[in-house]
Each structure stands twice: as structure tokens, then as C-alpha cells.
Amino acid sequence: MEALFIGQAYIDITFITDRLPTGDEKTIADEYAVSFGGNAVTAAFCCAKLGYKPDLICSQANDWLAHMFNDMATKYGIEIHGRKVRESSLSFIMPKGSKRAIVRCRDDHFLHPFPQLNLDGCRALHLDGHLADAALHYARTCRQAGILTSLDGGAVRENTDELLRFIDVAIVSERFCEQMNLDARQTLDYLKARGCRVGGITMGERGLVWYDETGTLQEMPSLAVPSDKIVDTNGAGDVFHGAYIYSYLSKPGASWAEHFRFSRAASAHAIQHLGNEASLPGLEDVHVAMETFPEAAPAEVV
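Just so it is clear, the structure is predicted and the values come from calculations on it, not from any experiment.

Which residues make up the overall build of the protein chain, and what are the values?
The number of helices and strands found in the protein chain is ten helices and 13 strands. For 302 residues, the compact-globule estimate of 2.2 N^0.38 gives 19 Å, and the protein chain sits close to it at 18 Å. C-alpha atoms of the protein chain, sized along the principal axes, occupy 55 × 45 × 40 Å. Across the 302 residues in the protein chain, those meeting the buried criterion constitute 54%. Surface summary for the protein chain: the accessible area is close to 13,600 Å², and the carbon and sulfur share equals 49%. Once the 28 positive and 40 negative side-chain charges of the protein chain are each reduced to a mean point, those two points are 2 Å apart.

Tell me about the pattern of salt bridges, residues and numbers included.
The full count for this structure, using the stated rule, is 14 salt bridges. Note that Asp-108 is salt-bridged to Arg-106, the shortest N-O span being 3.5 Å. Taking the relative accessible area as the measure of exposure, Arg-106 reaches 41% and is therefore partly exposed. If you follow the salt bridges from partner to partner, you end up with Arg-143, Asp-168, Arg-197 and Glu-213 in one network.

Could you give an account of the packing of helix H1 (residues 39–50) against helix H7 (residues 236–250), with specific residues and numbers?
Two elements in contact, H1 and H7, have axes whose closest approach is 7 Å; the angle formed by their N-to-C orientations is 45°. With respect to H7, the axis of H1 lies oblique. The handedness of the crossing between H1 and H7 is right-handed. On H7, the residues that touch Asn-39, Thr-42, Ala-43, Cys-46, Cys-47 and Leu-50 of H1 are Asp-238, Val-239, His-241, Gly-242, Ala-243, Ile-245, Tyr-246 and Leu-249. Across the contact of H1 with H7, the residue classes tally to nine nonpolar, four polar and one charged.

Explain unusual backbone geometry residue by residue, including any values.
The phi angle at Leu-131 is positive, at roughly 50°, despite the residue not being glycine. Looking at where Leu-131 falls in the secondary structure, it is placed in the loop between strand S8 (124–127) and helix H3 (132–145). Residue Leu-131 is classed as buried on the basis of its relative accessible area, which comes to 4%. Although it is not a glycine, Asn-181 sits at a positive phi angle of roughly 60°. With respect to the secondary-structure elements, Asn-181 resides in the loop between helix H5 (174–180) and helix H6 (184–193). Asn-181 sits in the exposed class, given a relative accessible area of 68%.

Pulling in residues and values, what's your account of the environment of Asp-168?
Its location among the elements puts Asp-168 in the loop between helix H4 (160–164) and strand S10 (169–173). Sequence separation of Asp-168 and Ile-147 is 21 residues, and the distance between their C-alpha atoms is 9.2 Å. Not counting the four nearest positions on each side in its chain, Asp-168 is found in contact with Arg-143, Ile-147, Leu-148, Thr-149, Cys-196, Arg-197 and Val-198.

Outline H3, supporting the account with residue identities and numerical values.
Taking 1.5 Å per residue as the helical rise, H3 with its 14 residues ought to reach 20 Å, and the 20 Å between its terminal C-alpha atoms agrees with that figure. When H3 is considered as a whole, its buried residues turn out to be Ala-132, Ala-134, Ala-135, Leu-136, Tyr-138, Ala-139 and Cys-142. Buried residues along H3 sit against strand S1 (3–7), strand S4 (55–60), S8, strand S9 (148–153) and H4.

Quick rundown of the sheet that holds strand S7 (residues 99–105)? Include the residues and the values.
Ordered in space as S3-S2-S6-S7, the four strands form an open sheet in which the pairing is mixed. The open sheet terminates on both sides in strands that have one partner only, identified here as strand S3 (31–37) and S7. Neighbour to neighbour, the strand axes of the sheet diverge by 20° on average, direction disregarded.

Give me the pairing of strand S6 (residues 89–96): which residues, what numbers.
Of all eight residues in S6, six are buried; the element is thus mostly enclosed. Two elements, strand S2 (residues 10–16) and S6, share five bridges in a ladder whose sense is parallel. Within S6, the residue paired with Tyr-10 across the bridge is Ser-89. Two strands pair when backbone bridges link them, and S6 and S7 are joined in this way by seven bridges, in the antiparallel orientation. Among the inter-strand pairings, Met-94 is bridged to a residue of S7, identified as Ala-101. With antiparallel pairing between neighbouring strands as the criterion, S6 and S7 make up a hairpin whose turn holds two residues, including Gly-97 at a positive phi of roughly 65°.

Conventions adopted
Residues numbered from 1 in each chain as written. Predicted model: local features only at pLDDT ≥ 70, side-chain atom pairs only at ≥ 80, totals over all residues. Heavy atoms only, no water. Helix = DSSP H or I, 4+ residues; strand = E, 2+ residues; numbered from the N terminus. Rg over C-alpha atoms; globule rule 2.2 N^0.38 Å. Buried < 20%, exposed > 50% of the residue type's maximum accessible area, 1.4 Å probe, protein only. Areas by Shrake-Rupley, 256 points an atom, 1.4 Å probe, with all protein chains shown as cover. Lys, Arg positive; Asp, Glu negative; His and termini not counted. Charge placed at Lys NZ, Arg CZ, Asp CG, Glu CD. Salt bridge = Lys/Arg side-chain N within 4 Å of Asp/Glu carboxyl O. Axes fitted to C-alpha atoms, helices over the stretch in contact; angles between N-to-C directions. Parallel < 35°, antiparallel > 145°, perpendicular 65-115°, else oblique. Left-handed = near helix turned anticlockwise from the far one by under 90°. Contact = heavy atoms within 4.5 Å. Nonpolar A, V, L, I, M, F, W, Y, C, P; charged D, E, K, R; others polar. Expected span 1.5 Å × (residues − 1). Pairing = 2+ DSSP bridges.

Structure, rendered in C-alpha cells:
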């Protein structure tokens, strides 16, 4: 095992339509995709597509959706360590431009304790905060063992504050800032105070604001993908996380600026495709995005 990811697993149904029917109406979607879903789960699939096959602790039922999910994981060489639930979780996603509406159907009532794994050889841990007890256990264990710990802070969860004390790289969302009632600078200061040696905030088309190991505040603009090429932004953040974990594993001596430039290009590729699986970049896709799209206007730290 070189990397471990922990998160809630979904099957995503992504569809494009002009409107949702109401009452007794029906409508036909213009296009749709069925894929794996979940923040850390999608990041794990991205890391696998790029070249490192991680282990994944995630929710798992005994139903036909779980069989579909396991088939997907097998295709990408991901080792699944399931934590039992009664029903698989589903997401229904309707993208439109740079936005997306989501309905989640989630079963996170776990029937058994989380699996205890041997971490020999593990070099990176990535979490999305779901499976809170497992996330905290493995973050603490990996921090003590000198294994890189990474958090996708897409939202504030029940033990986020405690979990951050064991996180090396915390990349959070604007929603996270809103939930904390903090502006961007205050959020970065909060991450520093919790001991995160690298912290950042993803701001969509406005890029990334972050600080490095020295605490220096930096801005990284997004890549300017033309609006007519943007199909589905859902999962782009998860691809960003999976890509920087891959970059860290492949070039552990590189700077975090280099890792984030790589993951920025991976996300630029992702938003041009519908559904998580089609969005996953290969190495050539990342290099094409780097060469094709210029930087947009820099992000602003409020």
C-alpha cells in the first residue's frame, strides 16, 4: 500500500437537462453518465488513473449498486476495504455551466467498526472527513508514523477541528469558510493555528489561495478553460485532490506549488467531460491542459 483514501462511496447519476419536471410531468435528458462518486473516492480513482493504485476504505452495502462499484474499482486496480451499510448511496447531479445541483441519498449508518489496516509502505493518506472515527484514527496514526496526511475540507463536519490537528495538507472550499463564518485570510490563519503545514482554499474559476511550509501566502489562478468547453464541474475538486496526491507520490521532493500546478491542470481537463469517470485525466491529458490553457485572472484574498 502506497496511499490510503477514506470516504463515503456513491454511485453518481449525472444528467443534463434544461429543467426538472414537476407534478406528473416527464422529460428526457440530453445526456447522462453513471459513475462512482464521493469526494475521497473520486480522488482515489483519479490517483489510480494517473498511475498509483491506492487502497480505499469506504461505505459498502451488499446490493447490486455495490457490485457495480466494485467492478469499477477492480478496473482501476483499487483495493476496497468496505465498511458495511445496508444500502448503497446515490447522488443525482444536474450540472449547468460552472454550477451543479445535487440530490444525495446517503446511508452512513455503519453496521460494524472500521477496518484496521497494515500501513507498511504507505506514504500518503487522504480524507474527506466522512467515516469520522476512521478518519481521526488513521490521521493520528499516519501523523505519528510520518506519513503525509491530506484533507479535502469541502464542508465542516462533526470532528473537523480535532481532525485538522493531525493534517499536513488541508485544502478547503469557500463553503467551508462560510460555515466557519471566516473570510479567506482568517480561514488560512485558522488552518495554520491547527498545525497544517500547507493550507489552501479552492475558489473555482478564481483559482487557489494558499500558504506553503514557510507560511507564505500565495495565489494560483485557475486555467482559463473557455466557457463553451465546460461541461460538468462536479468532481473537479476531487480530481484536484487526487492529482496532487499522485504528484506527491511521484515527486516527493517537488514543491507544493508544482504539485498544485499539476492538479490544477488535471481539474481543467475534468470540467470538460460529463461524469466522474469520463473526467479522470491520464498523464497526457494533464500535460495537454497545461500547454493549452493560459492562466485566468489571479484569485483575490479577501
